[in-house]
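Examining the three-dimensional arrangement
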Amino acid sequence: MLYDLHTHTTASDGLLSPLALIDRAKMQQVDVLAITDHDSVAGINWLNHSCGSELQTQPLVIIPGVEFSCVWRGITLHVLGLNINLQAPGLQQALAFQHQAREARAVKIAERLAKIGVPDPLAGALEVVRKQTEGIFADQELQLGRPHFAEHMVRSGFVETRDQAFKRWLGAGKMGDVKSQWPELQQVITWISEADGQAVLAHPARYKLTNTKLRRLLQQFKTCGGHGMEVATAGTTPDRLAYLAQLSCDYELLASCGSDFHGPATHWADVGKVPPLPKQCRPVWSAWSL
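Before going into details, it helps to say that this report is about the structure given with it. Just so it is clear, the model here is predicted, and its values are computed rather than measured.

Looking at the packing of aromatic side chains
According to the stated counting rule, one finds 4 aromatic pairs in the structure shown. Consider the rings of Phe-158 and Trp-169, whose centres lie 6.1 Å apart with planes at 55 degrees: the pair is tilted. On the criterion of sequence distance, the pair formed by Phe-158 in the loop between α5 (146–155) and α6 (162–170) and Trp-169 in helix α6 is long-range, its members being 11 residues apart. In this structure an aromatic cluster arises from ring pairing among Phe-68, Phe-97 and Trp-191.

Encoded structure:
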């Protein structure tokens with residue numbers, strides 16, 4: 001069985017629509033796919049509303065998920081909520097809180113970009129999102145992120161490429177890298193648990209923490225009620241995979257795997273391009289009824 005439990009659609013910052021993502025997952029021979037858009041379940045909801053009966057008759061199993069942003073000791077983290085109950089009472093309030101945080105962040109980014117001469121940054125980024133989503137989401141479901149501003153900067157001729165936009169203006173530590181008022185780690189774990197899902201720390205190696213700090217994070221994550229951690233991610237080296245697998249065992253955390261797919265251009269992180277979990281790991285799906 002090939003599992004990919006970390007993917008994105010145009011409901012957040014992915015480049016494929018929910019249906020196009022499913023088609024690509026089938027082409028890549030994925031058996032179980034989790035759609036985990038940033039602070040949004042609009043993609044999953046659209047699929048259920050528009051082609052629910054078709055989804056139930058196909059071999060690909062779709063897992064409802066979300067990727068929440070949060071902070072721990074001043075560091076921005078991402079926590080996946082896997083196999084969540086989309087009808088859970090508190091989920092919509094949680095998503096609304098995150099949406100407001102993203103809206104406020106987008107306004108601040110736009111203000112800063114306007115000062116350096118980017119034309120109509122907020123309206124331009126919104127237009128990018130509308131075109132990418134092909135009109136399948138309502139405006140209140142659109143999630144504005146830095147990639148959308150970068151694309152507008154390219155289309156308006158302010159920069160030549162999206163990479164250039166990030167390197168000069170939008171990347172970590174640059175003037176367009178606005179920190180949002182994300183909730184604390186404990187809060188998002190509570191949100192996910194109350195939605196009957198598994199809280200999984202996404203790509204723990206990407207936070208560039210020392211071994212000591214990473215172990216402190218995993219200990220607190222476990223203490224707060226976290227369920228698992230991503231062990232196998234796209235591009236993980238064998239040494240890194242073994243290290244993360246050992247950490248999952250040390251802290252008795254379930255192990256997950258995901259490509260963090262955003263678009264076809266990033267071939268090394270394509271859907272399903274995930275190394276298998278080491279045998280000593282207990283998979284996050286071990287308790288699921290698929």
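What to know about the sheet that holds strand β7 (residues 254–258)
Taking strand neighbours across the sheet as the criterion, the 7 strands line up as β1-β2-β3-β4-β5-β6-β7 in an open arrangement whose pairing is mixed. Each end of this open sheet is capped by a strand with a single partner; those strands are β1 (3–7) and β7. Between one strand axis and the next, the sheet turns by 35 degrees as a mean value, whatever way the strands run. Pairing of strand β3 (residues 61–72) with strand β4 (residues 75–82), which is carried by 8 bridges, proceeds in the antiparallel orientation.

Some points on α5
When you tally the buried positions in α5, you get 7 out of 10 residues, the bulk of the element. Taken together, the buried positions of α5 are occupied by Pro-147, His-148, Phe-149, Ala-150, Glu-151, His-152 and Met-153. Residues of α5 that are buried sit in contact with α3 (91–115), α4 (121–132) and α6. Gly-157 lies just past α5 and shows a positive phi near 85 degrees.

Brief notes about the pairing of strand β2 (residues 32–35)
Neither face of β2 is exposed, since Val-32 and Ala-34 on one face and Leu-33 and Ile-35 on the opposite face are all buried. Here β1 pairs with β2 via 3 bridges, running parallel. Following the sheet pairing, Asp-4 is matched in β2 by Leu-33. Taking the sense of rotation as the criterion, the β-α-β connection linking β1, helix α1 (residues 18–27) and β2 turns out right-handed. Pairing geometry for β2 and β3, over 4 bridges, is parallel. For Leu-33, the partnering residue across the bridge sits in β3 and is Ile-62.

Description of the side chain of Thr-236
Structurally, the position occupied by Thr-236 is in the loop between β6 (228–233) and α9 (238–250). Judged by its relative accessible area of 16%, Thr-236 is buried. For Thr-236, the side chain forms a polar contact with the main-chain oxygen of Thr-233, separated by 2.6 Å.

Some details on the state of the cysteines
Overall, the coordinates contain 0 disulfides when judged by the stated rule. Cysteine Cys-224 remains unbridged, with the sulfur of Cys-70 as its closest cysteine sulfur at 9.6 Å. Counting only cysteine sulfurs, Cys-249 is the nearest neighbor of Cys-281, a cysteine outside any disulfide, at a range of 5.1 Å.

Notes on the environment of Leu-247
With respect to the secondary-structure elements, Leu-247 resides in helix α9. Ignoring sequence-local partners within four residues, the contact set of Leu-247 consists of Leu-214, Arg-215, Leu-218 and Met-229.

Observations regarding α4
Its 12 residues place the ends of α4 16 Å apart at the C-alpha level, agreeing with the 16 Å of an ideal helix rising 1.5 Å per residue. Considered for burial, the residues of α4 that qualify are Pro-121, Gly-124, Ala-125, Val-128, Val-129 and Gln-132. Along the axis of α4, the buried residues cluster in a sector spanning 140 degrees; they form a single face. Turning to α4, the residues buried within the fold contact α3 and α5. At the exit of α4 stands Glu-134, carrying a positive phi of roughly 60 degrees.

Regarding the pattern of salt bridges
All chains considered together, the criterion is met by 9 salt bridges. When the shortest N-O distance is used, the salt bridge between Arg-130 and Glu-127 registers 3.9 Å. In this pair, Arg-130 and Glu-127 both sit in helix α4, 3 residues apart, roughly one turn of the helix. Salt-bridge contacts for Lys-179 lead to Asp-177; the nearest nitrogen and oxygen are separated by 3.1 Å. Three or more residues joined by partner-sharing salt bridges are found here, namely Arg-146, Asp-177 and Lys-179.

Cut-offs used in this document
Residues numbered from 1 in each chain as written. Predicted model: local features only at pLDDT ≥ 70, side-chain atom pairs only at ≥ 80, totals over all residues. Heavy atoms only, no water. Phe/Tyr/Trp six-rings, centres within 6.5 Å; stacked < 30°, edge-to-face > 60°. Helix = DSSP H or I, 4+ residues; strand = E, 2+ residues; numbered from the N terminus. Pairing = 2+ DSSP bridges. Axes fitted to C-alpha atoms, helices over the stretch in contact; angles between N-to-C directions. Buried < 20%, exposed > 50% of the residue type's maximum accessible area, 1.4 Å probe, protein only. Contact = heavy atoms within 4.5 Å. Right-handed = clockwise from strand over helix to strand, strands pointing away. Polar contact = N/O pair within 3.5 Å; in protein donor to acceptor, adjacent residues only side chain to side chain. Disulfide = S-S within 2.5 Å. Expected span 1.5 Å × (residues − 1). Arc of directions from axis to C-beta. Salt bridge = Lys/Arg side-chain N within 4 Å of Asp/Glu carboxyl O.

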